[in-house]
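Listed here are the chains, written in short residue letters.
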Amino acid sequence: MKYTTKNHFKMMIPARSQNEAFARSAVSAFAAQLDPTVEELGDIKAAVSEAVTNCIVHAYADNIGMIELVARILQDDSHDSAPTLYIRVKDKGCGIADIERAKTPLFTTCAEGERAGLGFAVMESFTDRLQVRSKAGAGTTVTMYKRLETRSE
């Protein structure tokens, strides 16, 4: 299926804990133009929060790097389906050596009891599709797709 980008934004933010809420709010405000349901908006906020928090806590554990956040509104070229929100969160941090292991619920690289290890599981449960690409020492890119229901007037 081929998609057309109807609108988009890109921003760079420092990997600081106070910017997690800003990133979550920016993406949800951008998605608001699609008139999502309250549940869809909550899903989007949760997924973005987890992705950005992973950058802050894991990718840049010992320093403050930059996080790139991109959001796009995609429409399939047939225009027969609801729009899809594309969200990409990218860092140039330490990377993930074993993505499948990192996606295992309860796995964490933090000290015991510090983190629940549910970030990727949360992202998967609140989006329709999740892609994780990473290279140890070079960073991670998390791409999420959330199809939004079209509401009748």
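Bear in mind that the values here come from a model prediction, so they are computed numbers and not experimental data.

Asks: Sorry, what's going on with the overall build of the protein chain here?
Replies: When you go through the protein chain residue by residue, the secondary structure sums to four helices and five strands. Starting at the N terminus and ending at the C terminus, the protein chain contains elements arranged as β-α-α-β-β-α-α-β-β. Counting all 153 residues of the protein chain, 47% fall into the buried class. Long-range pairs, those at least 24 residues apart, make up 66% of the contacts in the protein chain with a sequence separation of at least 6.

Asks: Please clarify how the sheet that holds strand 3 (residues 84-91) should be interpreted in this entry.
Replies: What holds strands together in a sheet is hydrogen bonding between their backbones, with the strands either parallel or antiparallel. Pairing is antiparallel across the open sheet formed by five strands, whose spatial order is 1-2-3-5-4. Only two strands of the sheet have a single partner each, and these edge strands are strand 1 (3-14) and strand 4 (129-135). Ignoring which end each strand starts from, the neighbouring axes of this sheet average 15 degrees apart.

Asks: It is not clear to me how the pattern of salt bridges should be interpreted in this structure. Could you clarify?
Replies: A pair can form between side chains of opposite charge whenever their charged atoms are brought close. Counted under the stated rule, the structure contains four salt bridges. The closest approach of N and O atoms between Glu20 and Arg24, which form a salt bridge, is 2.6 Å. One end of the pair is Glu20 and the other is Arg24, both in helix 1 (residues 18-31) and four residues apart, which spans about a single turn. A residue is classified by how much of its surface remains accessible, and Glu20, at 13% relative accessible area, is buried. Taking relative accessible area as the criterion, Arg24 reaches 26% and is therefore assigned partly exposed. The partner of Glu68 in a salt bridge is Arg88, and the shortest N-O contact between them spans 2.5 Å. Within this pair, whereas Glu68 is found in strand 2 (residues 66-76), its partner Arg88 is found in strand 3, the two being separated by 20 residues in sequence. For Glu68, a relative accessible area of 12% corresponds to the buried category.

Asks: Is there a simple way to think about the environment of Val57 in this case?
Replies: Within the fold, Val57 resides in helix 2 (residues 38-59). Distance in space between the C-alpha atoms of Val57 and Ser17 is 8.5 Å, their sequence separation being 40 residues.

Asks: Mind showing me how you'd approach the packing of helix 1 against helix 2 here?
Replies: Each pair of packed helices can be summarised by the angle the axes make with each other and by the distance between the axes. Running from amino to carboxyl end, helix 1 crosses helix 2 at an angle of 145 degrees, the nearest separation of the two axes being 9 Å. The chirality of how helix 1 crosses helix 2 is right-handed. For the pair helix 1 and helix 2, contact is made by Glu20, Ala23, Arg24, Val27, Ser28 and Ala31 and by Leu41, Ile44, Lys45, Val48, Ser49, Val52, Thr53 and Ile56, respectively. Taken together, the residues of the contact of helix 1 with helix 2 sort by class into eight nonpolar, three polar and three charged.

Analysis parameters
- Along each chain, residue indices are assigned from 1 in the same order as the chain's sequence is written.
- Whole-chain, interface and lining totals are the exception, using all residues; otherwise, since this is a predicted model, local features are given only for residues with pLDDT of at least 70 and side-chain atom pairs are given and counted only at 80 or more.
- Calculation of side-chain values draws on the structure's entire complement of heavy atoms; hydrogens and water are dropped beforehand.
- Only DSSP runs of H or I with at least four residues qualify as helices, and only runs of E with at least two residues qualify as strands; both kinds are numbered from the N terminus onward.
- Only protein chains enter the accessibility calculation, which uses a 1.4 Å probe; a residue is then buried when its area is under 20% of its type maximum, exposed when over 50%, and partly exposed in between.
- In what follows, a contact means two residues having at least one pair of non-hydrogen atoms within 4.5 Å.
- Should DSSP find at least two bridges between two strands, the strands are taken to pair.
- Between N-to-C directions, angles span 0 to 180 degrees; the directions come from axes that are lines fitted to C-alpha atoms, helices contributing only their stretch in contact.
- A pair is scored as a salt bridge if a Lys or Arg side-chain nitrogen falls within 4 Å of a carboxyl oxygen belonging to Asp or Glu.
- Each helix crossing is assigned a hand: it is left-handed if the near helix lies turned anticlockwise from the far helix by less than a right angle, otherwise right-handed if that turn is clockwise.
- Here the nonpolar group is Ala, Val, Leu, Ile, Met, Phe, Trp, Tyr, Cys and Pro; Asp, Glu, Lys and Arg are the charged ones; every other residue, Gly included, is treated as polar.

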